[in-house]
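# A structural walkthrough
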Amino acid sequence: MSTTSPVWVEIDAGAIAHNLDVVRGEVGITTRLCGVVKADAYGHGIPVVLPILMAAGVDTIGITSNQEAEEARRRGFSGRIIRLRAALREEIQEGGRLDIEEWVGGGDHAGVVIAAARSLGRPLSVHLSLNSTGLSRDGMDWDEPQSQPHLRRIAASPELAIVGICSHFPCEDADDVRAGTLTFRNQAGAAERVLGAPRGRFEKHCATSYAALTIPDSRMDMVRIGAALYGDTSAAVPGLRPAMRLVSRIAAINPYPAGSTVGYDRAARIDRASRLAVITVGYADGYPRTLGGRAHVLVHGTFAPVIDRLAMNSLVVDVTQVPSAQIGDEVVLYGRQGSAQIRSADIERASGTIAAGSYTAWARLNPRVVVDVAASEAVPTL
Ligand SMILES: *Cc1c(COP(=O)(O)O)cnc(C)c1O
């Protein structure tokens, strides 16, 4: 491994390229694909992911921060960049030279985008978000009395060049997505009539990875794909490969007698004589402290329990059942080792919070190593 770091995030570029192929195969080529690279490509790194998207001809990406848009432009991306949330006026103005299509998050927020466009001295391309799916976050609700006057004002604003009408699902549930799609289709059509699409119609889009890969009706003109690219979706699509591993090493191993308590607060106790390994990763490196005493890691392809409450930069694993384990060995805290795998669902069950919250933090806090695992060596996991 080409790092001397005590803990690192390993990205499999081959898996991301493969997952993109799988998604393309599912959604077909007539639906536009927006590759979502917010949060530095879900921690996988825009420098790693963007070239893969560009090589495959993906001409639209989804970001949230100006930094992400800036990095994409700096790396030669000349396609469309859509911001996937309502932005602050300052953000919109700062991002003005990056040619970002903004997300209009409601009637009052339209006023913010208009003000930013005036300051920039040119119209801004925008997507108008509707609350058809019931997320109630940054979409205009059709049943609120203000929605019609707001729509008419938006239609009459030369500062807004409307490109699309969009919505975002609250749940990864087939019935929920089916119902939301239907409502969105109706409301988007009605909104389009009020707004008066210049070329007949606007681009309509609501699907994320789960929706696009589960309910074909949700695909419409464009799908916004993040999770599936990284091999971390709850959609039942065969062949997707997780693209990230969190890896550390064993620094020391010691035998301790039965009855010893382990770690802070004496929170754990071993009933039998045990070999305990200390691993060089802790909660300050982004591994959630709630995983202490609940998660497993992989040592020599075998599950071994994390038994202590984590320390800032170390944790204790019981390797009694892995007699071959020794100082310096690699330990996988997320992802595959041999034929075993720690999945997002395992992290979620043990930590009580979504895995993406953890792996985006690991990626911010630790060095990244990029590998390219050949398809022949990779084991599909879904
Ligand atoms: C993050 C995001 C997506 C991508 O969702 P995945 O489930 O990761 O595919 C799509 N749309 C919006 C508005 C988002 O914020």
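In the annotation of an unreviewed UniProt entry, the entry for the chain reads Alanine racemase, and the organism field reads Microbacterium trichothecenolyticum. Regarding the chain, the UniProt comment filed under Cofactor (unreviewed entry) reads as follows: "pyridoxal 5'-phosphate".

Now for the pattern of salt bridges. Taken as a whole and assessed by the stated rule, the structure comprises 21 salt bridges. Between Glu 71 and Arg 75 there is a salt bridge; the shortest N-O distance is 3.0 Å. By relative accessible area, Glu 71 is classed as buried at 16%. For Arg 309, the salt bridge is made with Asp 265, and the minimal N-O distance between the two is 2.6 Å. Here Arg 309, found in the loop between β15 (302–305) and β16 (315–318), pairs with Asp 265, found in the loop between β11 (261–262) and β12 (268–269); they are 44 residues apart in sequence, far enough to count as distant. On the accessibility criterion, Arg 309 (37% relative accessible area) is partly exposed. Several salt bridges converge on common partners, so that one network encompasses Arg 32, Asp 59, Arg 80, Glu 101 and Glu 203.

Turning next to the packing of aromatic side chains. Following the criterion strictly, the structure yields three aromatic pairs and no others. Between Tyr 42 and Tyr 230, the ring centres sit 4.8 Å apart and the planes meet at 35°, which makes this aromatic pair tilted. One end of the pair, Tyr 42, is in helix α2 (residues 38–42); the other, Tyr 230, is in the loop between β9 (222–225) and β10 (244–256), with 188 residues separating them in the sequence. Ring-pair connections join several aromatic residues into one group, and the members of that group are Tyr 334, Tyr 359 and Trp 362.

The next thing to look at is the site of the ligand. Looking at the ligand, the residues that line it are Val 36, Lys 38, Tyr 42, Leu 84, Trp 103, His 168, Thr 208, Ser 209, Arg 224, Ile 225, Gly 226 and Ala 227. A distance of 2.9 Å separates an oxygen atom of the ligand from a polar backbone atom of Gly 226. At 2.8 Å, a backbone N or O of Ala 227 approaches an oxygen atom of the ligand. Here the ligand, which alone exposes 390 Å², has 91% of that area covered by the protein. Judged by the proximity of its atoms to the pocket grid, the ligand belongs to the largest pocket. For the shell around the ligand, the secondary-structure elements that each account for two or more residues are α2 and β9.

About the thresholds
- Residues numbered from 1 in each chain as written.
- Predicted model: local features only at pLDDT ≥ 70, side-chain atom pairs only at ≥ 80, totals over all residues.
- Heavy atoms only, no water.
- UniProt positions renumbered as here; feature names shortened; annotations may be inferred.
- Salt bridge = Lys/Arg side-chain N within 4 Å of Asp/Glu carboxyl O.
- Buried < 20%, exposed > 50% of the residue type's maximum accessible area, 1.4 Å probe, protein only.
- Helix = DSSP H or I, 4+ residues; strand = E, 2+ residues; numbered from the N terminus.
- Phe/Tyr/Trp six-rings, centres within 6.5 Å; stacked < 30°, edge-to-face > 60°.
- Near = heavy atom within 4 Å.
- Polar contact = N/O pair within 3.5 Å; in protein donor to acceptor, adjacent residues only side chain to side chain.
- Areas by Shrake-Rupley, 256 points an atom, 1.4 Å probe, with all protein chains shown as cover.
- 1 Å grid on protein atoms, 1.4 Å probe; cavity = no way out; pocket = protein on both sides within 12 Å on 5 of 7 lines; lining within 4 Å.
- Sits in = over half its atoms within 2 Å of the grid points.

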